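For reference, the chains in residue letters:
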Number of protein chains: 4
Amino acid sequence: MNKPVAPAAVESVPAKAGGVRAFWSWLTSAGRAQARQPISGAELRQARATFRECLEGKGGEASARRRVESLVALYRRLNDPGRESVLALLAEEFGPDELALNRAIQAYLDAPQGGERRQAETQLRLALASPRIRILRQFNLLHEGVKFLVDVRADVLRQLRERPALAALDEELAALFSSWFDIGNLELRRISWSSPAALLEKLIAYEAVHEIQSWRDLRNRLDSDRRCYAFFHPRMPDEPLIFVEVALVKEMADNIHHLLDEEAPAFDARAAQAAIFYSISNTQAGLKGVSFGGFLIKRVVEELLAEFPRLKTFATLSPVPGFRKWLDARVAAKDQSLFGRRERERLCREAGAAEPCDAFAQLMLRGFVAEAQPPESLRVALMHLCARYLVEEKAAEPGGAARPLDPVARFHLGNGARLERINWLGDTSPRAVKQAAGIMVNYLYKLDDIEENHEAHARDGRVAISDAVKRLLRKPA
Amino acid sequence: MNKPVAPAAVESVPAKAGGVRAFWSWLTSAGRAQARQPISGAELRQARATFRECLEGKGGEASARRRVESLVALYRRLNDPGRESVLALLAEEFGPDELALNRAIQAYLDAPQGGERRQAETQLRLALASPRIRILRQFNLLHEGVKFLVDVRADVLRQLRERPALAALDEELAALFSSWFDIGNLELRRISWSSPAALLEKLIAYEAVHEIQSWRDLRNRLDSDRRCYAFFHPRMPDEPLIFVEVALVKEMADNIHHLLDEEAPAFDARAAQAAIFYSISNTQAGLKGVSFGGFLIKRVVEELLAEFPRLKTFATLSPVPGFRKWLDARVAAKDQSLFGRRERERLCREAGAAEPCDAFAQLMLRGFVAEAQPPESLRVALMHLCARYLVEEKAAEPGGAARPLDPVARFHLGNGARLERINWLGDTSPRAVKQAAGIMVNYLYKLDDIEENHEAHARDGRVAISDAVKRLLRKPA
Amino acid sequence: MNKPVAPAAVESVPAKAGGVRAFWSWLTSAGRAQARQPISGAELRQARATFRECLEGKGGEASARRRVESLVALYRRLNDPGRESVLALLAEEFGPDELALNRAIQAYLDAPQGGERRQAETQLRLALASPRIRILRQFNLLHEGVKFLVDVRADVLRQLRERPALAALDEELAALFSSWFDIGNLELRRISWSSPAALLEKLIAYEAVHEIQSWRDLRNRLDSDRRCYAFFHPRMPDEPLIFVEVALVKEMADNIHHLLDEEAPAFDARAAQAAIFYSISNTQAGLKGVSFGGFLIKRVVEELLAEFPRLKTFATLSPVPGFRKWLDARVAAKDQSLFGRRERERLCREAGAAEPCDAFAQLMLRGFVAEAQPPESLRVALMHLCARYLVEEKAAEPGGAARPLDPVARFHLGNGARLERINWLGDTSPRAVKQAAGIMVNYLYKLDDIEENHEAHARDGRVAISDAVKRLLRKPA
Amino acid sequence: MNKPVAPAAVESVPAKAGGVRAFWSWLTSAGRAQARQPISGAELRQARATFRECLEGKGGEASARRRVESLVALYRRLNDPGRESVLALLAEEFGPDELALNRAIQAYLDAPQGGERRQAETQLRLALASPRIRILRQFNLLHEGVKFLVDVRADVLRQLRERPALAALDEELAALFSSWFDIGNLELRRISWSSPAALLEKLIAYEAVHEIQSWRDLRNRLDSDRRCYAFFHPRMPDEPLIFVEVALVKEMADNIHHLLDEEAPAFDARAAQAAIFYSISNTQAGLKGVSFGGFLIKRVVEELLAEFPRLKTFATLSPVPGFRKWLDARVAAKDQSLFGRRERERLCREAGAAEPCDAFAQLMLRGFVAEAQPPESLRVALMHLCARYLVEEKAAEPGGAARPLDPVARFHLGNGARLERINWLGDTSPRAVKQAAGIMVNYLYKLDDIEENHEAHARDGRVAISDAVKRLLRKPA
């Protein structure tokens, strides 16, 4: 399966420590939130009975709504093991009728080619339509039903590793969502300082790349030289599904701190020549595998061009979340191929160490401590190694083709962007230093080339890179 | 399969002669409409190529949109055989990968119970997901895409009898629609004289039970003592999917002409005690089998009660579309059991005929000709026979249970209503005389009993009838 | 006073026979409408008391609303003399406090120049603020209050000639309306076939130039090559104040029947080079003197240019409502200067009459009877005389400058348009023949010249005319 | 004149120190805001010329809009003396034509009673209509024009004392606003956490009674047991004109800190029996004298009752802004009547002072310093004196009747409320201690009595007080 990469999982690999959690505990202030509870035997029996009633479909819409409401109320008050029991019940007892399925399989195998085979195929498909999914679709009757199911799938995904029997349920929910959250059903909306505060505080909670520090920080990100867009679904009108923050600037930005500086004067947006996508966050864990990131960027480019016809450059300013993890492992393994010959000598000399990898590790330790300015030798080594990491390190996909190891690179390069520039000290926050030695990257969305890049990448994994990056790839002497 | 009965197919069995057709030819006035054309070999090859490109998914959303736009344009300009070729192409060449499907079947048959079986089931389901449906779902990208697919299915349904290979396509579209047009996604809207004229003229076109004669007739049906409600889907915002017309009156109405009389003064709606549903029309042939009629009536009852808390009675004033067809066949077969002994004599005497069925046929001919007042003997016989027809004549469903033969009775009784009253000369229009000897029927929606009636009917086909109808069932002496 | 000319009073001098009346009697069908009644002594005393309570302002908003509601109910059920009594009561008993006014006058006359004079002026203005207008402004509390006052002023205007004491009331209402209906408060809305039917039927009722015959006629006027715009006020959201109908065509239209032909195919609006304003109707008699006609045309030109950038020509196709009235009077007075010397001979010869005016009158009678084609000699004479009428016949305004006698000419030429073309047999309906011998006129709104034309006309009454019209002005030999 | 008291002027007498100013300097951060500049001779001549062009009305709407836009731009960049010059120009050179006015006065004085007098009155009124106001009304053409004029009047009001010649301009703007901002034109809207952040930050800026400390404080004030309502005008859609904050609680609140406590759990609003209006703020200085405070409270009571039918008590929790100012003056003047005989002895003894007023002053100083708990003797004296201040201290109005000296009391008692309870230490913030020795007051809006209270107060200045307050009025022994 060629599951698209979700950008948030990507641009923010180690999930924001405390952010969302702290926020939610504020929303549902400790005193009021009730502890979730285990499920009782009676409750489990009741759940089974209610599932059955959902299938029998007694009464009209009102009865159906009452039934799913009671299930929502039960599920919401259960703790994790309790929820797991309910999901397991659903997965195991409300699958397709195996007898009917076997009959349909036999009929299919027996059918001659042509019309009869088509009809047998249809019967087989109907036999596979599970009672589970008929139950789940009834939650759509509730105002909050779609959001509820999305949250249920987030639970399923968490438990999937330990409970493979939930796979069918997961796949059915994913199929349902890929129909419901079809791009044609999504609405692109601009989010601005005139948006409801209740929506804006969700941005604060969900922002997964560069944490929003305060309402003032948020206001700055929605100033006249900034844009923010999100996809919404009509059945979850108050929940952004994914959002992107854009800065309108003179030229391709190389430093996130400049963009987020609240004291900097606003730029005259009409004079902007570059639009920098500096943060993309998915918000719904339960929509994993339902892809809209690529659509979002392309639609936002259209919106921006309509408003600012002078824009020439569309690029991201992105983190490199996996760089240090990869690099530190290589260094620990004393991989001599990391450095050129003369470089090795220089490193040893500078660090006063015998072995180049040790030397490098020591220099890293010193160079990034206490806001020291890392030395030139470190800059040269890291810029080269980062280019190598982004362009040459691949992971094989289930399907087959090798894709970039770095998840953000995988997302943007797969989307048709070009790896344009690697920026030294683009983000010197502790987290960025820990993840990427402070390096940030520009992926360029060049309108004329996107399609070709996308296809070359899809076909044989080729990635588009600029001349500057090509130069960085040459190993320093 | 327990496919719900669509009410319009029902309340208007012989489709409105000329109505819709005349209307559309007005809309697209003869001079302007272009004749639809046959498909060329090149066009068919192009269609095949475009279908393939849809699956390959080259380019972004814009490319995808251009592709389906070109398919829509092609399809729209084709004549019926041309469209059939395109649909056949889709049905036959873009089904599931048979090899992969057979592998998945084998894996399923081999899998042990439990988690592994669940995973095999999931794989089987994925293997069945046909390329066809992936193509069709891309039409959702277009503003008019949902309506286009609904119209395509109308074409499929028309061709289905002669081309059974289209069954799989039909089933896939039906499954897609039953997800898209889920009741949770529908919006109930009141239609009034303040609705857009462009919407109101669709009521004129779509009204399938009692034809709307003019804008003045329409205005009368939207007066202060009338209500009209329809279901809409957000992706087809200008198309009512089904609509119902309601009259607010003093008591249960027995005559359609009184309700539609443009000269009658408006009733003070706040004093109304009865709400009469006198017309329900489905509008989209392509949504056959996607049921919302029952939901509509129940939701409208809620709306009406909220606005007029004094309402006591909710009932229909409905046609009996199949009565004469059934009766005439029996009479032609000289079924002696139709009439009581003394009745037979009376009929022969009145008609001056030797055989009671012949006599009856002659009396019918005379009684309803030239707006004559049919004689009492005819009234007695027809009221009894109509009760018998509605209550006792059944048709076996595919699933098993016997359901009323009359489609309107099947719809309302299955919905939980009670057959309340049979009204002599309730509709003396030529069409109603031809279908039902001028008889109309009230089905009563008694809020407390709906659920029980619905279930008794679902369980063992029992129908709820009033004492008055019970009396009519006794054969006249 | 330099009161602007209201276009409807103009483009439709003899009010539409039966149109509005017939419509309203349909709306409020005879059986339901209650006859309006005379006022009783008690009712008049009650009105006086309620007016006083309005001024005392007892209670809060709810009491104030109840008071004006009772006044509205009273007024609505009164017949014309009854309404007149109420208005007279208001005009005569609720004027400014004369004592206080005289004191304020004295103080003003005594005040020295400068700040003190300014304060005295302020006190004088306050002393003039009449209780009447404080009462009337309270009707604004009602949802329908603004429309009510507009209708009240229509009553005042009708009675003004016979009751000069209503002049103060009229002026106060006019001042109030010119504040409320300030152009900044009006909203330009496009009216289309997607507008509410309840609004569209008002177009049918209000259209004052070319009567709308049917819903089908209306639909044709809202087709893809037509536009209709109206001004609305937020407090009368369902009432168009003035509306204009526009045809998008290839070139300047010369014949109204072609524009209104329901059988003609729709023109591709994107290819249109000319926008023809073929009907402008004011709808509210009570807003006489509150001018928005000129604004409307200029705003609509902006809207059209935004939608159709290729448009080159903006022109009207207008009636000449006063032509025959002027001409017939001259002919009756045997004005020999109407015709050239040889023309006189020709007319006498053709008509077989001794005197040219008699001859002309006879030819007119024959030429336009029974759809006969009028002879060439008539065409030549009438085209010349119409040009003369439009350009040379003036009426002195109260202020001073001479303005065109023809009201439609006065409106458009005063607005900055140019008299562009006179069209023979542009409208052969009986009404147009009776008013203008079937002639129609194009006034051209040339964007670059409007302002200059407007000012030349405002300064010294000069009118802009085309070369073609100049040629027509030369007397035929 | 009986000008209504504007509540904000009232509930927040010493304008929020720094609040709005600080906010605006944040909005238009120092670096970006341009310093306002003096007017040049050329600019003043240009302004005069543009004013004249406004009156001549050359060109159409677009020209008129350009003219006023240039005036707005000029005015906005001027410093205070520059603006004053422009306003003086307008006031002095664009008043009514004195000659015409004198003629109209003479005609009025000469006219006989009846119709002719009415017409002369009309002519006089027209002669008084100043060119100034015709100019000002053209600003209505601009999107921001209404807000601009409101801000201009704020400037006029500030300069009025030193420039009495601006009085006429002030009165004309006030008259214009009282027409534009008529209660019938205002829209009551609920403000909630789902309102635009750009609106919510205005609450933060404008709150004039209990300063909003942070977004979290604001969020707390919009929680489920709180309501906030504001009046808006359609031409200033983003500017609340006046807003009120309401707490839904169990019983009449006596302490503002409890209401504003962010840590307190939300109360179940459906169980609330009392609605406490704890803050009312006017926001537009330029709308002084245009009253909507009374309407607001009564409309909000209606809204609340519709949502929460169980509410029994509607009351304010209000400051007493003038108490200390009055009291301190009396104490300074050694007014012996402030205290009872035995009280005087007790005060002297407690303070160790010879004179009771000195003693009281010393006790006040000590009692409220450093959050000390003031002694019982102080409580007794202050509660009595506050009741006396509120009930017995009056100021004569221009019109005649004596009204409460305290501005908040004047507003609520004039509105029909009852002085219900005086709360010791209801607000211990430094500002409240300085203004009112920490005392807060409940004014009760008892629905059945409002009208009677309002009228008794309007008639003879009587105020409604509870038994508890009556008891406090008795001088302590």
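Scroll up a little and you will see the structure.
The following paragraphs examine the structure supplied in this document. In this text the structure is predicted, and so the values were computed from the model without any measurement.

1. What to know about the relation of the copies chain B and chain C
- At an RMSD of 0.1 Å, chain B and chain C line up after a rotation of 180 degrees and a shift of 0.0 Å along the axis. Here the symmetry operator amounts to a two-fold rotation axis. Closest to the rotation axis within chain B is the C-alpha of Pro-196 of chain B, separated from it by 2.0 Å.
- By residue overlap, the copies meet face to face through one surface: 100% of the interface positions of chain B are interface positions in chain C.

2. Some remarks on the arrangement of the chains
- Of all C-alpha pairs spanning chain A and chain C, none lies closer than 16 Å, and the two are not in contact.
- Regarding chain B and chain D, the two do not touch, and the least distance separating their C-alpha atoms is 16 Å.

3. With respect to the interface of chain B and chain A
- With 51 residues of chain B in contact, the opposing surface of chain A contributes 51 residues.
- For the chain B and chain A pair, buried surface summed over both sides reaches about 4500 Å², with 50% attributable to carbon and sulfur atoms.
- Of all residues in chain B, Glu-61, Arg-118 and Arg-125 of chain B bury the most surface against chain A, accounting for 14% of the area lost on that side.
- Our enumeration of links across chain B and chain A arrives at 10 salt bridges.
- Arg-118 of chain A serves as the salt-bridge partner of Glu-98 of chain B, at 3.2 Å between the closest nitrogen and oxygen.

4. Observations regarding the relation of the copies chain B and chain A
- Under the fitted operation, chain B is carried onto chain A by 0.1 Å of movement along the axis and a turn of 180 degrees, and the coordinates agree to an RMSD of 0.1 Å.
- By residue overlap, the copies meet face to face through one surface: 98% of the interface positions of chain B are interface positions in chain A.

5. Regarding the pattern of salt bridges
- For the structure on display, the rule yields 143 salt bridges over all chains.
- In this structure, Glu-84 of chain B engages Arg-163 of chain B in a salt bridge whose closest nitrogen and oxygen atoms are separated by 2.8 Å. Separated by 79 residues along the polypeptide, Glu-84 of chain B in helix H5 (residues 80–93) and Arg-163 of chain B in the loop between helix H9 (145–159) and helix H10 (167–180) bring together distant segments of the chain.
- Here Arg-216 of chain C and Glu-262 of chain C are joined by a salt bridge, their closest N and O atoms 3.6 Å apart. Placement of Arg-216 of chain C in helix H12 (residues 215–221) and of Glu-262 of chain C in the loop between helix H13 (256–260) and strand E4 (274–282) is noted, with a sequence separation of 46 residues between them.
- The partly exposed category is assigned to Glu-262 of chain C, whose relative accessible area is 27%.

6. So, the environment of Pro-240 of chain B
Residues and elements named next belong to chain B.
- As for its placement among the helices and strands, Pro-240 is situated in the loop between strand E2 (226–232) and strand E3 (242–249).
- A relative accessible area of 0% means that Pro-240 is categorised as buried.
- Along the chain, Pro-240 and Leu-199 lie 41 residues apart, while their C-alpha atoms are 8.1 Å from each other.
- Each residue touching Pro-240, except ones within four places of it in the same chain, is listed here: Leu-199, Lys-202, Leu-203, Tyr-206, Ala-230, Phe-231, Phe-232, Thr-283 and Gln-284.

7. As for the packing of aromatic side chains
- Following the criterion strictly, the structure yields 50 aromatic pairs over all chains and no others.
- When the centroid spacing of 5.3 Å and the interplanar angle of 20 degrees are considered together, the rings of Phe-139 of chain B and Phe-148 of chain B count as stacked.
- The exposure class assigned to Phe-139 of chain B is buried, which follows from its relative accessible area of 4%.
- Classification of Phe-148 of chain B as buried rests on a relative accessible area of 5%.
- Taking the centre distance of 5.6 Å and the plane angle of 75 degrees together, the rings of Trp-193 of chain B and Trp-215 of chain C count as edge-to-face. Of this pair, Trp-193 of chain B sits in the loop between strand E1 (187–190) and helix H11 (197–206) while Trp-215 of chain C is found in helix H12, placing the two residues in two different chains.

8. A few points about the interface of chain B and chain C
- Residue-level contacts link 18 residues of chain B with 18 residues of chain C.
- Between chain B and chain C, a total of about 1500 Å² is buried, with carbon and sulfur atoms accounting for 56% of that surface.
- One can count two salt bridges joining chain B with chain C.
- Here Glu-201 of chain C ties to Arg-219 of chain B by a salt bridge, and the two come within 2.8 Å at their closest N and O atoms.
- In this structure, the connection of chain B to chain C is made through 10 residue pairs in polar contact (both at pLDDT 80 or more).
- Looking at the side of chain B that touches chain C, the element that brings in the most residues is H11 of chain B, giving four residues.

The rules we used
- Residues numbered from 1 in each chain as written.
- Chains lettered and ligands numbered in written order.
- Predicted model: local features only at pLDDT ≥ 70, side-chain atom pairs only at ≥ 80, totals over all residues.
- Heavy atoms only, no water.
- Least-squares fit on C-alpha atoms with pLDDT ≥ 70 in both.
- Contact = heavy atoms within 4.5 Å.
- Buried area = accessible area lost by both parts, 1.4 Å probe.
- Salt bridge = Lys/Arg side-chain N within 4 Å of Asp/Glu carboxyl O.
- Helix = DSSP H or I, 4+ residues; strand = E, 2+ residues; numbered from the N terminus.
- Buried < 20%, exposed > 50% of the residue type's maximum accessible area, 1.4 Å probe, protein only.
- Phe/Tyr/Trp six-rings, centres within 6.5 Å; stacked < 30°, edge-to-face > 60°.
- Polar contact = N/O pair within 3.5 Å; in protein donor to acceptor, adjacent residues only side chain to side chain.

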